[in-house]
Amino acid sequence: MADSPAVSYEPTCHPGTREVVTGRIMAWARDPRAEPILWLSGPAGAGKSCIQRTIAQSCIAEGLFIACFFFSIKQSERNNETRFVTTLAAQLAENISGLKKHINSAIEMDHRIFTRSLESQVDGLIFKPLRALQGSILHRLKAFFNAALGGFFRAFCYQAHLETLRPNVIVVDGLDECIGEQEQARILRLIHALAANPHFPFRIIIASRPEYTIRTAFFSPSLAKDTVIFRLEQYEADGDLKLFLEAEFHHLKLFHPTSKAIPVDWPSPEDENALVTKASRQFIYVSVVMKHLANPRRNPMVELRRILDYQPSDSDTNPFTELDALYNRILHPPDINTFLLKSILHSVIHDKPTAMPLVGDLDVLFGLKPGTTSSTLVDLHSLLNFESPDRRPTFHHKSLEDFLTTPERGGDLYQSNDETHVELTISYYNLVQQHRLQSRGTTTSDHVWDLTLVTTHHACSVGDWSLFEREFAENTLPDLINSLVQNDIMAVTVLMERRRLDPYVHRYHSFFCTTPEDGCLQHCKEIRQLNMHMLPANLQRSIVDPPSMIDMPLDTASKPPGCGCIKFTNLEEHNRGVGIGPIQTP
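We now turn to the structure provided with this report. For clarity, every value in this text was computed on a predicted model and none was experimentally measured.

So, how was this worked out
Just so you know, the residues in each chain are numbered from 1, in the order the chain's sequence is written. Confidence filtering applies because this is a predicted model: local features only for residues at pLDDT of at least 70, side-chain atom pairs given and counted only at 80 or more, and all residues used for totals across whole chains, interfaces and linings. The side-chain quantities take in all heavy atoms of the structure and omit both hydrogens and water. Should a side-chain nitrogen of Lys or Arg be within 4 Å of a carboxyl oxygen of Asp or Glu, the pair is scored as a salt bridge. Helix numbers and strand numbers start at the N terminus; a helix is a DSSP run of H or I with at least 4 residues, a strand a run of E with at least 2. For every residue, the accessible area (1.4 Å probe, protein chains only) is compared with the maximum for its type, and the residue is labelled buried under 20%, exposed over 50%, or partly exposed between those bounds. The rule is short: rings of Phe, Tyr and Trp, with Trp giving its six-membered ring, pair when the centres are within 6.5 Å, and they are stacked under 30 degrees, edge-to-face over 60, tilted in between. Only when the NZ of Lys or the CZ of Arg is both within 6 Å of the ring centre and within 35 degrees of the ring normal is a charge said to sit over the ring. For helices, the axis comes from a line fit to the C-alpha atoms of the stretch in contact; other axes are also lines fit to C-alpha atoms, and the angle between any two N-to-C directions lies between 0 and 180 degrees. We call two directions roughly parallel when the angle between them is under 35 degrees, roughly antiparallel when it is over 145, roughly perpendicular when it lies between 65 and 115, and oblique otherwise. Each helix crossing is assigned a hand: it is left-handed if the near helix lies turned anticlockwise from the far helix by less than a right angle, otherwise right-handed if that turn is clockwise. Should any heavy atoms of two residues lie within 4.5 Å, those residues are counted as being in contact. The span you would expect from a helix comes to 1.5 Å times its residue count less one. Here a polar contact is taken to be a pair of N or O atoms separated by no more than 3.5 Å, where protein atoms must pair a possible hydrogen donor with a possible acceptor and residues adjacent in sequence count only if both atoms sit in side chains. DSSP-based pairing: two strands are paired if at least 2 bridges between them are found.

## Quick notes on the pattern of salt bridges
Part 1: Taken as a whole and assessed by the stated rule, the structure comprises 18 salt bridges.
Part 2: For Glu 62, the salt bridge is made with Arg 30, and the minimal N-O distance between the two is 2.8 Å. With Glu 62 in the loop between helix H3 (48-61) and strand S2 (65-70) and Arg 30 in helix H2 (residues 19-30), this residue pair connects regions lying 32 residues apart in the sequence.
Part 3: When the shortest N-O distance is used, the salt bridge between Arg 209 and Asp 402 registers 2.6 Å. You can see Arg 209 sitting in the loop between strand S4 (203-208) and helix H8 (212-218) and its partner Asp 402 sitting in helix H18 (residues 398-404), a full 193 residues away along the chain.
Part 4: Residue Asp 402 is classed as buried on the basis of its relative accessible area, which comes to 15%.
Part 5: Through salt bridges with shared partners, a single ionic network connects Glu 81, Glu 119 and Arg 186.

Here it is in C-alpha cells:
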C-alpha cells in the first residue's frame, strides 16, 4: 500500500527531477480517452520505483489514486503473486464509497476465497462486489426517479455512477521482482482483465525492467492495443542527475565530519560532469556514489578522486561497466576478507527471511566470533541496510544482487546459487546438531524444527547434489527430511499451503522418487495422506481443493496417484500405524 511502512520510507523523485516523465504519466492518468494501461519500462537503476512512488503521491493529491502494489524481491510477502489481489481489494474497499460491505459479504459467503486462484479472487473480491455496488446505486436512484424520467434518467444514473467512482488509477511497481515468469505473466493477464472490466474502467500503471516474459506479453496483440509504453531510457536524464548531485554535495559539505576541510568550490563542475557521464542515466550510480562519500570514516575528496580516476577497459561492452567498477571499489576495502564477505552477501540473497534475521545471527550461522559480521560490513552502508536491530540485512537495490550473481560481473565475489545453498545447508545442519546435543533427552523445540525446515529448504534448492559429500547426500539429508515430515507435518502442511515449500517437495522427489515426474512431483500421496490424517477438518479441504498449492481438478486431487519414493519406508510404517494403510506404488 502507498502508506505502508515498507513503502513510506522508500525515496521518491528528488525535487525538480523527472518532471518530464511524471508530467506525461499524470497527463495520461487524467485523460479518460487514453489507453487503460501504461507500461513504464526501464533498465536497472534508472529510477522506476522512485517515479512510481511519486506518481502514487500525485494521484492521491488529485483524487485519482485507488490502489497500488509494490513488488520487492527483498520481502517474502511482496516477491510473489499470493497477496496481489487481496491487497488491491483491501484498498478498493477503502477508496470506493460503499464497496466495503459488498466485499465483506463476498468473504462471508465464501470463507475459502483467500485460498482460491487469483482469477477467482479477482472475480469474487473485485468484479462481483463492483457489479453489486453498481446495481445498488442504480436501484436506489431508479426507485425514486425512474417512473418520471424513464430512459433519460437511466443514462444520467449510469453517468452519475461513474462519477462516484472517478478515482481509478492503480500503480503496480517492480513486476520483474515477482519471482517466476509464470507468475509475472499471470499478473499481466489479471491486470488486463481489470483494465477491460466494463463495470469499472481501471487505469493501471506498471513499471518493470523489459524482461523477456514481460516484454513479450506487452507486445502480444491483445495487450498491445490497450497499452501505451514509456521507455525511460529515451528520456534525457543528465540534467536531473546534476540537480541531484548538486543537492547531495551541498548536504555532504554541511554535515560530513570533514566538512571544515572541504573547499567551497568542491567538487569542480568538471568532476560533477564526469560523474554524470559515468552514470549513463542510471540514478542508482549517483545514489551509491553519494552514500559512499557520506561514510564518516572516509575522506570524501579522496574517495571521489579514486572513483573518477578509474578507467574501465575500452574493450568492455558491459552496459553496467561503470556501476560494476563502483561496486568493486566499495566491496574491496583494505584488509577485507573476500571469502567471508562473499558468504555473507550471498546468504543475504538466498537465505529465508524468517531463518536468521539479524546481523548477529549470521555470526552464529557461520560459526564466527560475535561482531565479525558487523565489522565486515562496517564500510558497506552505501550498499546494504543493516542498522536496524530487528531486521535482517538487505540490499538497497537489486542491481547489487545482479552484480554478485553474474560471473562476468561479480569476479571474485561471484558464487553460484548451488554453491550458496550447499554452504547454507551445511551451516544450518550444524546448528541443528548443536541444538540437539544441547537438548538431548528433552523434547525437540520448535526452534530446532524451524532450523530443520530451513536446512531442507536449502538442500532441496541445490540442483546438483554431487556438490555435497556422498554420505551427506545419500543418508544424512534424506533422514533429516524424513524426520521433519514425520514429526512436524503440521509445519510442512502450513508452508505447503502458503506456497513456500514447493522447492522442497519437488527437489526431494526429483532425487528419491521412482515414479515418473508427471505422476509424482505434483501429487505426493504420502504427504497428502498425512495431511488428511493430521489436519483439522476445516483445513483439510483447503489442501486438496483447487486452488491450493497444487492446482488440479478435485476428482484427481482427492485421489492422487501412487508414489514410489524409495526413502519412505518409515513413512509407510507410520501410515499403517495410524490406520491409513500401506502405500501402493505403481
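After that view of the structure, there is still more to cover.
## Some words on the packing of aromatic side chains
Part 1: Tallying each qualifying case throughout the model produces 11 aromatic pairs.
Part 2: Among the aromatic side chains, those forming a connected cluster through ring pairs are Trp 39, Phe 218 and Phe 219.
Part 3: Its end group placed over the ring of Phe 230, Arg 24 keeps NZ or CZ at 4.4 Å from the ring centre.
Part 4: The aromatic ring of Trp 28 is capped on one face by Arg 203, whose charged end is 4.5 Å from the ring centroid.

## Observations concerning the packing of helix H10 (residues 238-255) against helix H11 (residues 269-279)
Part 1: At a minimum axis separation of 10 Å, H10 and H11 run at an interaxial angle of 130 degrees. Here H11 runs oblique to H10, going by the angle between their axes. Note that H10 runs across H11; the crossing there is right-handed. Residues Asp 238, Leu 241, Lys 242, Leu 245, Glu 246 and Phe 249 of H10 lie in contact with H11, whose contacting residues are Glu 272, Asn 273, Leu 275, Val 276 and Ala 279.

## Some points on the environment of Ala 196
Part 1: Following the sequence through the fold, Ala 196 ends up in the loop between helix H7 (181-195) and S4.
Part 2: Sequence separation between Ala 196 and Asp 226 is 30 residues, and the spatial gap between their C-alpha atoms is 8.6 Å.

## Quick look at helix H15 (residues 338-350)
Part 1: Helix length check: H15, at 13 residues, gives a terminal C-alpha distance of 18 Å against a target of 18 Å (1.5 Å per residue), a fit within 8%.
Part 2: Counting buried residues in H15 gives 11 out of 13 residues, a clear majority hidden from the surface.
Part 3: Every buried residue of H15 is accounted for by Leu 340, Leu 341, Lys 342, Ser 343, Ile 344, Leu 345, His 346, Ser 347, Val 348, Ile 349 and His 350.
Part 4: Regarding H15, its N-cap is Asn 337, as a side-chain oxygen of that residue lies 3.3 Å from the backbone nitrogen of Phe 339 further along.

## Looking at the environment of Leu 125
Part 1: Position of Leu 125 among the secondary structure elements: in helix H6 (residues 118-164).
Part 2: Exposure remark for Leu 125: the relative accessible area of 2% places this residue in the buried category.
Part 3: Considering only alpha carbons, one finds Leu 125 and Ile 103, 22 residues apart in sequence, at a separation of 5.7 Å.
Part 4: Those residues in contact with Leu 125, other than ones at most four positions away along the chain, are Thr 86, Ala 89, Ile 103, Ile 107, Ile 113 and Phe 114.

## Looking at the sheet that holds strand S5 (residues 227-231)
Part 1: What the five strands build is an open sheet, ordered S2-S3-S4-S1-S5; its pairing is parallel. Looking at the sheet topology across the chains shown, the edges are occupied by S2 and S5. Recorded for the sheet is a direction-independent mean angle of 15 degrees between the axes of neighbouring strands.
Part 2: Summarising the sheet, strand S1 (residues 37-41) and S4 pair through five bridges and their orientation is parallel. The residue bridging Leu 40 from the neighbouring strand is Ala 207, located in S4.

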